[in-house]
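In case you want the letters, here they are:
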Amino acid sequence: MCANCSLAASGLSFGRFANNSFLDVPPSVPVAVSAAYRKTYADTDVLTNFEDSDVSPDFPTVGKVWAAMWQARTGERLDGAIAADPTALSYLLGATGPATLADGTEGSGDNLVSLTEQHAYSRFDSLAARQAFFLEVAQAAAGQVVDAPHWSSQELVTAMTRAVTEHRLMVWSAHRDEQTTLIATPLAGGLPDSTAPFVGVTVNNAQGSKLDYYLERSVTYDRTSCSVSGMQLSTVTVRLRNAAPATLPAYVTIRMGAAKHRPVGSERSLVALYTTHGANLLSVTADGISTVASIGEEVGHPRYEVDVDTVAGATTTLVFHLIEPRSDAPVALWHQPGVNPETMRTVGARCR
């Protein structure tokens, strides 16, 4: 325990703070990513648009992209990259105490997520005002975590551990020896390079809205048959509930692209299922109706993505039918962090 400590004493400090558009770069940015990654995300701006750069759940790749964006923007080569979401920051502020803004507003472990992902959109009408607010929150929170002299080191370690376990705090290093050490830990935030049974689901906003704050998710993995020689049949059921209230600011419910003709409050989502090495998709349905999935791959895991709309107050149910290599091992469940906890469970007997 440390009664009067600060991280600043260790030499940790923050320099420049900027909004997301700072790292938007020309398409010529050099970045070493795999051919499978380029093919999977060929129709997105993951290498040129910072807002899209973290569509992939594999942070070792995302970290490389961020470093390349920074170099293209500033000319500086980075030693690494760190990602932390507002929930992770709320855990840290829960240990250090609240950060106070210039107007007296406090960002704490209890309110930081709602402050930045909900209330800011009703509090500020203009984009410039919101961006200035987010920068002030980031600076105040960072200063509190680094400089606060009266926190318990054990509480801070507990908060960091929770954030790492939930994939909310991740680190990538440009130095091979450091990254080799990181990749063996949850801190790396990487998809596992393993042939063991695996299920992971990501949901990415496809319309530019701020409705993710109201999204509720559940995933169920079911081994349905072991009768296929050397293989097994399984289903993955994904349920998305759009719990958005009826009245929200227009900026929160904005609908861009293919979503602009949908009802106000509806959410267009790109739902990607990551599964076991060697698995194949047999079929997929959305609310009982057959639909199509785009096919990709990351770190050897087949990736099947479906584009769906969920109106406010409704639930969309996706069912993926798979054939997979037979295994009696427990399935590894990979969780995508979100504002609301993702519920994941497995049912069905293992194939012996």
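Preceding block: the structure.
**What about the state of the cysteines?**
Per the counting criterion, the structure on display carries one disulfide. Here Cys226 engages in a disulfide with Cys351; their sulfurs sit 2.0 Å apart. Its S-S torsion of approximately -85° makes the covalent link between Cys226 and Cys351 left-handed. With Cys226 in the loop between strand S6 (215–225) and strand S7 (231–242) and Cys351 in the segment after strand S15 (343–347), this pair connects stretches of sequence that are 125 residues apart.

**Regarding the pattern of salt bridges**
Enumeration according to the criterion identifies eight salt bridges in this entry. Two residues, Asp103 and Arg123, come together in a salt bridge whose shortest N-O distance is 2.5 Å. Within this pair, whereas Asp103 is found in the loop between strand S2 (99–100) and strand S3 (106–107), its partner Arg123 is found in helix H4 (residues 112–123), the two being separated by 20 residues in sequence. The salt bridge partner of Arg303 is Glu305, with a shortest N-O separation of 2.8 Å. Overlapping salt bridges, with partners in common, bring together Asp85, Arg162, Glu166 and Arg168 in one network.

**Here we look at the packing of aromatic side chains**
A full pass over the atoms with the stated rule returns 10 aromatic pairs. Here Phe133 and Phe134 contribute two aromatic rings whose centre-to-centre distance is 6.0 Å and whose plane-to-plane angle is 55°, an arrangement assigned as tilted. Of the residues examined, Phe134 reaches a relative accessible area of 25% and is grouped as partly exposed. When the ring of Tyr213 is compared with that of Tyr214, the centres are 5.1 Å apart and the planes differ by 80°; the resulting orientation is edge-to-face. When sorted by exposure, Tyr213 lands in the same class as Tyr214, which is buried. Of the aromatic side chains, those joined through ring pairs into one cluster are Tyr121, Phe124, Phe133, Phe134 and Tyr251. Of note, Arg130 hangs over the ring of Tyr251, and the distance from its end group to the ring centre comes to 3.9 Å.

**Notes on the sheet that holds S6**
Read from one edge to the other, the open sheet built from six strands follows the order S10-S9-S13-S7-S6-S15, with strand pairing classed as mixed. A single partner strand is all that each edge strand has here, and the edge strands are strand S10 (289–290) and S15. Looking at chain direction, strand S9 (residues 280–286) and strand S13 (residues 315–325) are connected through six bridges and run antiparallel. In the strand pairing of S13, Ser283 is matched with His321.

**A short note on the pairing of S7**
Relative to S7, S6 runs antiparallel, the two being bridged by 10 bridges. Counterpart to Leu215 in the pairing with S7 is Asn242. The turn joining S6 and S7, which pair antiparallel and follow one another in sequence, is formed by five residues; a positive phi near 75° is taken by Gly230. Alignment of S7 against S13, held across 11 bridges, turns out to be antiparallel. Among the inter-strand pairings, Thr237 is bridged to a residue of S13, identified as Val319.

**A few points about the side chain of His167**
Looking at the secondary structure, you find His167 in the loop between helix H6 (153–165) and strand S4 (169–173). The exposure class assigned to His167 is buried, which follows from its relative accessible area of 16%. Separated by 3.0 Å, the side chain of His167 and the backbone oxygen of His335 make a polar contact. With residues up to four places along the chain from it excluded, the contact list for His167 reads Trp334, His335 and Pro337.

**Things to note about the environment of Gly189**
In this structure, Gly189 sits in the loop between helix H7 (176–183) and strand S5 (198–205). Taking C-alpha positions, Gly189 is 8.0 Å from Leu169, a pair spaced 20 residues apart along the chain. Each residue touching Gly189, except ones within four places of it in the same chain, is listed here: Pro57, Asp58, Phe59, Pro60 and Met170.

**Re the pairing of S9**
As paired elements, S9 and S10 share two bridges and run antiparallel to each other. Across the sheet, residue Ala286 finds its bridge partner in S10, namely Ile289. Between S9 and S10, which pair antiparallel in sequence order, lie two residues; one of them, Asp287, sits at a positive phi of approximately 50°.

What counts and how
- The residue count restarts for each chain, going from 1 along the sequence in the order it is written.
- It should be noted that, the model being predicted, local features are given only for residues of pLDDT at least 70 and side-chain atom pairs only at 80 or more, the latter also being counted only at that level, while totals for whole chains, interfaces and linings use all residues.
- The side-chain numbers reported here are obtained from all heavy atoms of the structure, hydrogens and water having been left aside.
- By disulfide we mean two sulfur atoms from cysteines, separated by a distance within 2.5 Å.
- Think of it this way: any DSSP run of H or I at least four residues long counts as a helix, any run of E at least two long counts as a strand, and we number them from the N terminus.
- We define a salt bridge as a side-chain nitrogen of Lys or Arg found within 4 Å of a carboxyl oxygen belonging to Asp or Glu.
- Pairing of aromatic side chains here covers Phe, Tyr and the six-membered ring of Trp, requires ring centres within 6.5 Å, and sorts the geometry by plane angle: under 30 degrees stacked, over 60 edge-to-face, intermediate tilted.
- Buried residues are those whose accessible area, probed at 1.4 Å on protein chains only, stays under 20% of the maximum for their type, while exposed residues exceed 50% and partly exposed ones sit between those limits.
- Counted as over-ring charges are cases with an Arg CZ or a Lys NZ within 6 Å of the ring centre that also lie within 35 degrees of the ring normal.
- Note on pairing: two strands pair once DSSP finds at least 2 bridges between them.
- In protein, a polar contact means a hydrogen-donor-capable atom and an acceptor-capable atom, both N or O and within 3.5 Å, with residues adjacent in sequence counting only if both atoms are side-chain atoms; elsewhere, any N or O pair within 3.5 Å suffices.
- The contact rule is simple, with two residues in contact once any of their heavy atoms fall within 4.5 Å.

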